[in-house]
Amino acid sequence: MDMGHRHLVIAYAVTILIHLVYVTFVAVKWRAARFTKSE
Amino acid sequence: MKLWRWLWLLATLAVLAEGFRVALFVVPPDSQQGDVQRIFYYHIPSWAGMGLFFAINLGCSLLYLAVRNKNHALALKSDALAVTSAEVGVVFCLIGLVTGSLWGRAVWGIWWTWDARLTSTLVLWLIYVAYLLLRRFGAGPQMRTLAAVMAIFGYLDVPLVYFSTRWWRTQHPAPVFGGAPGSGIDPSMMPAVWWNLAGWLMWGIFVASLRYVSEYRAQKAEQDEALRLLDAPQELAGAAPQGAR
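Just so it is clear, the structure is predicted and the values come from calculations on it, not from any experiment.

### Section: the overall build of chain B
Piece 1. Looking only at helices and strands, chain B features seven helices and zero strands.
Piece 2. Going from N to C terminus, chain B has its helices and strands arranged as α-α-α-α-α-α-α.
Piece 3. Relative to its 245 residues, chain B shows a buried fraction of 36%.
Piece 4. For chain B, long-range pairs separated by at least 24 residues make up 79% of all intrachain contacts whose partners lie at least 6 apart in sequence.

This is the structure:
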C-alpha cells in the first residue's frame, strides 16, 4: 500500500472513529438524562 | 428513543453507506492526485457540518441574548441548542483539520503549514473549544451570557476562514466550488460529494438532536435546583423553633 492509499484509509477511519467516540459520549449523556426530572 | 429518531438513524446510515461505496468504488480517481483525492469526499462534508452547526450556535446565542430576561423557557432551549451545536461543530472542525493534514502530507509532503487558511481554522477550533470549556467549568446566568457573547465574537472567524484562500496566497488550494472560472470538479465525481454531504449532515442532525435532549434536561434540572435553594432559607426559617430566631 503506497502513502496515498494509506492516508486515504487512515482519513476515512479517523473520521468514523471521531464520530463514534463523540456519539458514545452523547449516548452516555442521553441515558443519564433519562433519569433526570424534566418539565 | 422515539420512532422518528430510529427512522432518521436508519436513513442516515443507509445514505452514509451509499456515500462510502460511491466515494471509494464508483467515482473515478483524480487525474493528478489519484486515489488520495477521495479524502475530499469526507473532508468537504466536515467543513459543511462545521459551518452549519457554528451558524446554529450563532443564531441560538443571539436569540438567548435577546430573550434571556423576557422568556426564560425559550432562553433555556436556545442556550441548550447553542451548546449542542458548538460541540457538534467542534467535532466536524476537528475531522476537517485531521483529514486535511493527512491529505496534505500525501500531496504537499507536509503535515501542516502556517498559511492563512490552516491557521485561521485552527484558531476557530480553539475558540470553540474555549467556549465549551467556559460552559463546562462556569456556572449561572452570567456564564451563559458571557458564552453567548463569546460565540458571537468567535463566529467572526468563520468568514475569515472561508475567504482566506481568496484574500491571501495560501498553500491550501483555491476554492473548488464557487472559485475562479474553471474551478470545480468533474461532474462524474459529484455523486460522491452529494451522498457524503447529505449523509454526514444527517448524522450531525441526529447526534445534535440526542445531545440537545440531555443538555436541556440537565440545564432545566440545574435551574429547578437553584430555584429550590432560593426558596429553602425561607422554608427553614419558617420551620425553625421560636427561640432559635
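### A word on the packing of helix α1 (residues 3-34) of chain A against helix α3 (residues 72-107) of chain B
Piece 1. Running from N to C, α1 of chain A and α3 of chain B cross one another at 170 degrees; their axes reach a closest spacing of 9 Å. Of the possible angle classes, the one that applies to α1 of chain A and α3 of chain B is roughly antiparallel. In this structure, α1 of chain A uses Met3, Gly4, His7, Ile10, Ala11, Val14, Thr15, Ile18 and Tyr22 of chain A to contact α3 of chain B, whose residues at the interface are Val91, Leu94, Ile95, Val98, Thr99, Leu102, Trp103, Arg105 and Ala106 of chain B.
Piece 2. The residue makeup of the contact of α1 of chain A with α3 of chain B, split by class, is 13 nonpolar, four polar and one charged.

### Describing the interface of chain A and chain B
Piece 1. Between chain A and chain B, the residue contacts involve 23 residues of the former and 25 residues of the latter.
Piece 2. Broken down by class, the residue content of the side of chain A that touches chain B amounts to 13 nonpolar, seven polar and three charged.

### Side note on the nonpolar core
Piece 1. Within the largest apolar cluster, 58 residues are counted, with the highest numbers of intra-cluster contacts made by Ile39 and Ala82 of chain B.
Piece 2. When contributions to this core are tallied by element, the ones reaching two or more residues are α1 of chain A together with α1 (3-26), α2 (40-67), α3, α4 (116-137), α5 (140-155) and α7 (190-239) of chain B.
Piece 3. If you tally residues by element for this core, the top one is α3 of chain B, at 17 residues.
Piece 4. With near-sequence residues (within four places) excluded, isoleucine 39 of chain B lies in contact with Leu8 and Ala11 of chain A together with Thr99, Leu102 and Trp103 of chain B.

### Digging into the confidence of the model for chain B
All names here are of chain B.
Piece 1. Confidence in the prediction for chain B averages 89 pLDDT; 93% of positions are at 70 or higher.
Piece 2. Within chain B, no element has a lower average pLDDT than α7, which sits at 87, and none a higher one than α2, at 96.
Piece 3. Across the whole predicted complex the pTM is 0.89, and at the interface the ipTM reaches 0.89.

Cut-offs applied
- Residues numbered from 1 in each chain as written.
- Chains lettered and ligands numbered in written order.
- Predicted model: local features only at pLDDT ≥ 70, side-chain atom pairs only at ≥ 80, totals over all residues.
- Helix = DSSP H or I, 4+ residues; strand = E, 2+ residues; numbered from the N terminus.
- Buried ≥ 20, exposed ≤ 12 C-beta atoms within 10 Å, placed from the backbone.
- Contact = placed C-beta atoms within 7 Å.
- Axes fitted to C-alpha atoms, helices over the stretch in contact; angles between N-to-C directions.
- Parallel < 35°, antiparallel > 145°, perpendicular 65-115°, else oblique.
- Nonpolar A, V, L, I, M, F, W, Y, C, P; charged D, E, K, R; others polar.
- Core = buried A, V, L, I, M, F, W, Y, C linked by C-beta atoms within 7 Å.
- pLDDT = per-residue confidence, 0-100.

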